[in-house]
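# Structural overview
Chain residues, written in single-letter form:
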Amino acid sequence: MEELYTQLFRRKSFHKFGQTLPLTQDDEIAIQDAVDSLRPLVEGIQVRTRIVPGAETNCYAGAEKCILFYSEKKDNYLMNIGYMGEQLDLKLVELGLGTLWFGLGKTDEKELDGLEYVIMMAVSRVPSDSFRKDMFKSKRKALSEIWDGEMLPFSDIVRFAPSACNSQPWFVRNNSGCLEVSRFRKKGFTGLIPMAFVSRFNRIDIGIFLLVLEVCMAHEGISFSRQLFVDDTPDSVALTKVAEYRMI
């Protein structure tokens, strides 16, 4: 996980790719290898991917390729996609590729091998100086808004996990060495996210956050046991516990 930790500080969301370099055959092989190496958060959920030209989607960011994620619909399948997709995000940054979680992406291929289309990630090769140079200049919630209890060495790092419209729908409580992670649902304003999509994207975001949290714990040499909870809570509930990490 250490190589992924380093990329946390470099990654950025390329909402407009601008100047890009053509993907080489080696790039395409490396992308497929990265996809094939992804680990699930939840065992037993079928997941497939499809890599297509960006022009075959509605992605307006100017990406050369888009990676489409398809999944079996089971408990926490959206969280699982977020967790797997963020691994891919960081692996691609390590390869020098720019990425964008494109939440409102559309494709004509709504199913793949009987699995439902979930979300896409846009990818292009970008100049090496295009990545983030100072993560801490990024706009994020104050640490006090997402963390309760004793701070850990990575508390100020995990808040930089990407999320739909920067909604940051997570809250962590450090309860005597047990990290309780909850999905936070802010009522009212949803930014650019249509109300109908908020809970869907927030569940993907939580999976992204759990991956970042685990990468940070691995970097600090912290072993843990993880317990997931089924996130089927109605959206009227503001705080839903989704996971516990007991540090060993």
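As shown above, the structure is provided for reference.
In this report, we go over the structure that sits alongside the text. Since we're looking at a predicted model, the values are computed, not measured.

## Some remarks on the pattern of salt bridges
Side-chain pairs of opposite charge can arise whenever the charged atoms involved come near each other. This structure, assessed with the given rule, holds 14 salt bridges. With its nearest N and O atoms 3.7 Å apart, the salt bridge here joins Lys73 to Glu116. One end of the pair, Lys73, is in the loop between β2 (65–71) and α3 (77–94); the other, Glu116, is in strand β5 (residues 115–125), and 43 residues separate them in sequence. With a closest N to O distance of 3.3 Å, Arg173 and Asp148 form a salt bridge. Here Arg173 is found in strand β7 (residues 170–175), whereas its partner Asp148 is found in strand β6 (residues 147–149), with 25 residues between them in sequence. With relative accessibility at 31%, the residue Arg173 sits in the partly exposed group.

## Digging into the sheet that holds β7
Pairing within the open sheet is mixed, and its five strands lie in the order β6-β7-β8-β10-β9. Here the strands that pair on one side only, and so sit at the sheet edges, are β6 and β9 (224–228). Each strand of the sheet is rotated relative to its neighbour by a mean of 20°, with strand direction disregarded. Pairing of strand β8 (residues 178–184) with strand β10 (residues 239–247), which is carried by seven bridges, proceeds in the antiparallel orientation. Paired with Phe184 across the bridge in β10 is Leu239.

## Looking at the pairing of β10
With five bridges joining them, β9 and β10 adopt antiparallel strand pairing. Note that in β10 the partner of Gln227 across the bridge is Glu244.

## Focus on the pairing of β7
When β6 meets β7, the two strands line up parallel, connected through three bridges. In the strand pairing of β7, Trp147 is matched with Val172. In this structure, β7 lies alongside β8, joined through six bridges in antiparallel fashion. When the sheet's bridge partners are listed, Asn174 is paired in β8 with Leu179. Two successive antiparallel strands, β7 and β8, enclose a turn made up of two residues, where Ser176 displays a positive phi of approximately 55°.

Cut-offs used in this document
- Residues numbered from 1 in each chain as written.
- Predicted model: local features only at pLDDT ≥ 70, side-chain atom pairs only at ≥ 80, totals over all residues.
- Heavy atoms only, no water.
- Salt bridge = Lys/Arg side-chain N within 4 Å of Asp/Glu carboxyl O.
- Helix = DSSP H or I, 4+ residues; strand = E, 2+ residues; numbered from the N terminus.
- Buried < 20%, exposed > 50% of the residue type's maximum accessible area, 1.4 Å probe, protein only.
- Pairing = 2+ DSSP bridges.
- Axes fitted to C-alpha atoms, helices over the stretch in contact; angles between N-to-C directions.

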